[in-house]
Every structure is written in structure tokens, then in C-alpha cells.
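# Examining the three-dimensional arrangement
What follows is the residue order along each chain.
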Amino acid sequence: IKDSVILCKNDNIILEINLMEVFKHMCGKLNKITYPNREFWRIVSEYNVPVMYGIDAHFIGQIRSREEMIKFTRAYLGKDIVSKLNFVEDYKLK
């Protein structure tokens, strides 16, 4: 994982925290969340790789609950990880 994260950093690739499993969990369709994976994002947090949240906009509920999903994900990953992630708002390609 570490090598992949370093490659993404070197190539200026944005990593996505996809919120689909969080959405399914919040809707009661999943009992256990396997992604986002805490260990993966802990490693990412050590390398200052650009990160963004992503949603699968297949259903209007996914768009409407974006902020709630982000809040849940931040709590799920933990402040120690989230506070070190390099979130991007307006990202320009090289």
C-alpha cells in the first residue's frame, strides 16, 4: 500500500474516499463497513497525498445526504487520521 500511495503522491493523483458503503450502511443495507479502510487512510495521511470525497450519484438520496455521510466518515476514520489528510477543494492539473 505504501508504495502505491507514494506513486500517487509523486504523480499528483487525487485519492478518493468513496462514500458508497457509508451510504449503504446509513440506509441499513450494510451492517459492517469495509471501506473506507482506516489502515489505508492512516498510511495516506502520512504522505500528504491530495484527497477528496466522492459520492456515487445513482440516487437522489446520495446527493442529499452528502454532508451527513462525510460527517459519519470523519468520525469513523477518526480525528487523528482525518486531521492529517490533505483534502483538496479546487484542484488544478499540472
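Here goes a summary of the coordinates provided. Keep in mind that this is a model prediction, so the values were computed, not measured.

### What about the overall build of the protein chain?
- Within the protein chain, the regular secondary structure consists of six helices and three strands.
- In the protein chain, the succession of α and β elements from N to C terminus is α-β-α-α-β-α-α-α-β.
- The C-alpha atoms of the protein chain give 14 Å as radius of gyration, which agrees with the globular expectation for 94 residues (12 Å, within 12%).
- Viewed in the frame of its principal axes, the protein chain has a C-alpha envelope of about 40 × 25 × 20 Å.
- Buried positions account for 35% of the 94 residues belonging to the protein chain.
- Sequence-distant contacts in the protein chain: of pairs separated by 6 or more residues, those separated by 24 or more amount to 76%.

### Concerning unusual backbone geometry
- Pro36 follows Tyr35 through a cis peptide bond whose omega is 10 degrees.
- Within the fold, Pro36 resides in the loop between helix H2 (20-26) and helix H3 (38-45).
- Even without being a glycine, Asn48 presents a positive backbone phi close to 55 degrees.

### Side note on the pattern of salt bridges
- What the rule picks out here adds up to three salt bridges.
- Among the ionic pairs, Arg42 bridges to Glu46, the shortest N-O distance being 2.4 Å.
- Here Glu67 ties to Arg66 by a salt bridge, and the two come within 2.7 Å at their closest N and O atoms.
- With a relative accessible area of 53%, Glu67 lands in the exposed category.
- Within this structure, Glu39, Arg42 and Glu46 form a network of salt bridges that share partners.

Rules of the game
Residues numbered from 1 in each chain as written. Predicted model: local features only at pLDDT ≥ 70, side-chain atom pairs only at ≥ 80, totals over all residues. Heavy atoms only, no water. Helix = DSSP H or I, 4+ residues; strand = E, 2+ residues; numbered from the N terminus. Rg over C-alpha atoms; globule rule 2.2 N^0.38 Å. Buried < 20%, exposed > 50% of the residue type's maximum accessible area, 1.4 Å probe, protein only. Contact = heavy atoms within 4.5 Å. Salt bridge = Lys/Arg side-chain N within 4 Å of Asp/Glu carboxyl O.

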